[in-house]
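# Chain and residue survey
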Amino acid sequence: MKMNITKVLLLLAAVSGGVLSCKPKNAGDASASGNAQKAYVAPGKYDEFYNFVSGGFSGQMSVYGLPSGRLFRVIPVFSVDPEKGYGYSEETKPMLNTSHGFVPWDDLHHTELSQTNGEVDGKWVFGNANNTPRVARIDLKSFKTSEIIELPNSAGNHSSPFITENTEYVVAGTRFSVPADDANGDVPISTYKQNFKGYVSFISVKKETGDMDLAFQIELPGINFDLSHAGKGKSHGWFFFSCYNTEQANSLLEVNASQKDKDFIMAVNWKKAEEYIKAGKGRKVKANYAHNKYNEKTHTATSEMKSEVLVLDAKSLKDICYFIPCPKSPHGCDVDPTGEYIVGSGKLAALIPVFSFDKIQSAIQSKAFDGEYDGIPVIKYDAALYGEVKKPGLGPLHTEFDGKGNAYTTFFVSSEVVKWNIKDLKVLDRAPTFYSVGHLCIPGGDSKKPNAKYLIAYNKITKDRYIPTGPELTQSAQLYDISGDKMEMILDFPTIGEPHYAQAVSADLLKEKSLKFYKIDENSNKYVTKGEKESKVVRQGNEVHVYMTSIRSHFSPDNIEGIKMGDVVYFHVTNLEQDWDVPHGFAVKGAVNAELLIMPGETQTLKWVPDRVGIFPIYCTDFCSALHQEMQGYVRVSPK
Ligand code: CUK
Ligand code: CUA
């Protein structure tokens, strides 16, 4: 969520008459309207959808069931997670490596499921890091983060990780313009207009493996890229980005950043850009960025530093980027299931502009331009516009679609979801949110084939919805049944961190292929111990390697002596179980590296530097059998 706070507060005060302080009678009261039953999933029954929800400043992604709103898993992505040892075990540490070194936290705003032919295919889910610009790919068999790629020439990665209709590319647009990585960055901030540049990145994704690569970047004027969506169907081959700060101001106080009546939607012909890259038109530019991969056979992450990127210059290649004026500070930029309509949302505007792909194409052909902006053609507003939704609400942010010709847009300031018809641009229904909604999600709602049974609103402010928990209240999601003409609220459920975007997919697509355990025979971790008899302690200078196994209900070895002060101890723990849902944990008293949580068939390593002489208990942290409490042992540390 990015909003000019003064403006929002003014608008809130002026318009809402205190919507935040007084709950309208029965508003969203599910039991009152008899809707609670619709969200009820009986004990032992499965949910219909997986909901992948961004965790905002928690840096993680959470998995909920719909319609129950039950939390099933928090997938560690950009932040360390002591619960799972992510970022603490030697095997997972490289996942959080960047050109700045180990960065154990980030701000994940958007989730995006992979697609084939414009439909959600259930292979991977992507997430963006808004702080230290990164994109992650998560495998939906193991629900583990498989890959993280850092983005050079970027600072803040907000406009991401949106994908093309066959997941050819994941896209990322920089939220902050900055001097290019290979330029002198030590310049006065006031020289923004001369020295700062904007970049959008195209990350290619391999069809079978999902392997990502930074294919190319497009260099643009120093404006801010906010959100994006790919064209689909007829507009396949194009990408659309919302841009703000076209004033190129270095301080975004309202006076600076919102002087202009209109900012831009940028249309990018990525097929053309791809041709230029193939034709060798890309300029090789020095750049440092990390590319990290997790291998589920070695159960180990590797981090590689890259040193170069291919850059296309939008200014000199006149036919890859076009600007389209869009009212004040566009935020969301959403493409309908047919690919014809592009919905912009000026978050300080009181209307929704809808652009037509066909009209954009004819405007380009007939050169219906309003001059150029920093060397990039600007298409005339009217030449690209299909029409405007008039007076839909205040502060439009994000739009999803139901595949039946309707769009649903969130309004932060007037705190509601508004359903409108795309063809005639008429408002059909509105439902209040409690309070101040950001993103929304309809399963498949940004794909060619939405599954429009439910709509979930992700709200910024909770106030009086739950029992209080001190100054900080949980963030909240609200579930609506949208199968009828009118939206009906059926459930509130709390979420982790700040939910920005979320996506949902039918449970049928994922649940059968979910991985149950790793085959121990296929474990090729350097330090694997494939049977209890092979467990051992090996000294190499001052390094001590403990090759340890875990199986219900003991560790082997479980009494370790011969360790001296000054030693560095590595516990390589292999979980020998070959059954579903039998992880073992491993913890050492006083160790600063959290715990290990080892899946069946996996090996993970805890590094430990003893800080004192004495006896140190070790134990399994995850209740694994009736004798879980017996799963323990001792390590003896002696003087040097
Ligand atoms: S943002 Cu948060 S509500 Cu980062 Cu997609 Cu619009
Ligand atoms: Cu192993 Cu508890």
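This is a predicted model, so every value here is computed, not measured.

Looking only at helices and strands, the protein features eight helices and 44 strands. Against the globule reference of 26 Å for 640 residues, the protein gives a C-alpha radius of gyration of 26 Å, in line with a compact fold. Expressed along its principal axes, the backbone C-alpha trace of the protein runs to roughly 80 × 60 × 40 Å. Counting the 640 residues in the protein, one finds 52% classified as buried.

If you walk across this open sheet you meet the ten strands as β6-β7-β8-β9-β17-β18-β13-β12-β11-β10, and the pairing is mixed. With one partner strand each, in any of the chains shown, β6 (108–116) and β10 (155–163) form the two edges of the open sheet. Neighbouring strand axes in the sheet, compared pairwise and without regard to direction, differ in orientation by 25° on average. Taken together, the five bridges between β10 and strand β11 (residues 169–176) define a ladder with antiparallel strand orientation. Paired with asparagine 157 across the two strands is threonine 174, which belongs to β11.

Turning next to the sheet that holds strand β20 (residues 330–335). Sheets are built from strands that pair by backbone hydrogen bonding, the pairs being arranged parallel or antiparallel. Spatial strand order, β20-β21-β22-β25: four strands in an open sheet with antiparallel pairing. Of all the strands in the sheet, the pair left with one neighbour each is β20 and β25 (385–390). Between one strand and the next, the sheet's axes are offset by a mean angle of 20°, whatever the strand orientation. Bridge count between strand β22 (residues 351–356) and β25: five bridges; the pairing is antiparallel. Paired with valine 354 across the two strands is glycine 387, which belongs to β25. Lying on the sheet, helix α6 (residues 357–365) is in contact with β21 (341–346), β22 and β25; it crosses β22 at an angle near 60°.

Turning next to the nonpolar core. Grouped together as the largest cluster of nonpolar side chains are 130 residues, with contacts concentrated most on Ile203, Ile265, Val268, Ile324 and Leu455. For valine 268, the residues in contact, after removing those within four places along its chain, are Val200, Ile218, Trp238, Phe239, Phe241, Ala273, Ile320 and Cys321. Counting residues in hydrophobic clusters, the runner-up holds 30 residues, among them Phe555, Tyr570, Phe586 and Ala587.

Here the focus is the pairing of strand β26 (residues 396–401). Among the six residues in β26, six count as buried, and that is most of the element. Direction of pairing for β26 relative to strand β27 (residues 406–411): antiparallel, over a ladder of four bridges. Bridge pairing in β27 links threonine 399 to threonine 409.

With that settled, consider unusual backbone geometry. Of note, the amide linkage connecting phenylalanine 434 to tyrosine 435 takes the cis form, showing an omega dihedral of -10°. Position of tyrosine 435 relative to the elements: it lies in the loop between β29 (427–432) and β30 (437–441). Positioned with a positive phi, asparagine 245 is a non-glycine residue whose angle comes to about 55°. By the secondary structure assignment, asparagine 245 is in the loop between β15 (238–244) and α4 (254–257). Located in the positive-phi region is histidine 299, a residue other than glycine, with phi close to 55°. When you line up the elements, histidine 299 lands in the loop between β17 (283–295) and β18 (300–313).

Topologically, methionine 305 is positioned in strand β18. Residue classification places methionine 305 among the exposed positions, given that 12 C-beta atoms sit within 10 Å. The sequence separation of methionine 305 and asparagine 97 amounts to 208 residues, and the corresponding C-alpha distance is 9.2 Å. Non-local contacts of methionine 305, meaning those with residues more than four positions away in its chain, are made with Asn288 and Ala290.

Residues with a pLDDT of 70 or more make up 94% of the protein, whose mean pLDDT is 93. This prediction of the complex comes with two scores: 0.95 for pTM and 0.95 for ipTM.

Moving on, we get to the pairing of β10. The element β10 is largely enclosed, with a buried count of eight among its nine residues. If you look at the hairpin formed by β10 and β11, you'll find five residues sitting between the two strands, and threonine 167 has a positive phi there, around 50°.

For the rest of this paragraph, the subject is α6. Buried within α6 we find Phe357, Ile360 and Ala363. Looking straight down α6, one finds its buried side chains confined to an arc of 120°; they lie on one side. Among the exposed residues of α6, those pointing more than 90 degrees away from its buried face are Ser362 and Gln365. Where α6 ends, the next residue or the one after it, lysine 367, has phi of about 55°, a positive value.

Note on placement: lysine 262 falls in strand β16 (residues 262–269). On the basis of neighbour counts, which here come to 20 C-beta atoms within 10 Å, the residue lysine 262 falls in the buried class. When the C-alpha atoms of lysine 262 and tyrosine 381 are compared, they prove to be 9.6 Å apart, with 119 residues separating the residues in sequence.

Reading guide: rules and limits
- Residues numbered from 1 in each chain as written.
- Chains lettered and ligands numbered in written order.
- Predicted model: local features only at pLDDT ≥ 70, side-chain atom pairs only at ≥ 80, totals over all residues.
- Helix = DSSP H or I, 4+ residues; strand = E, 2+ residues; numbered from the N terminus.
- Rg over C-alpha atoms; globule rule 2.2 N^0.38 Å.
- Buried ≥ 20, exposed ≤ 12 C-beta atoms within 10 Å, placed from the backbone.
- Pairing = 2+ DSSP bridges.
- Axes fitted to C-alpha atoms, helices over the stretch in contact; angles between N-to-C directions.
- Contact = placed C-beta atoms within 7 Å.
- Core = buried A, V, L, I, M, F, W, Y, C linked by C-beta atoms within 7 Å.
- pLDDT = per-residue confidence, 0-100.
- Arc of directions from axis to C-beta.

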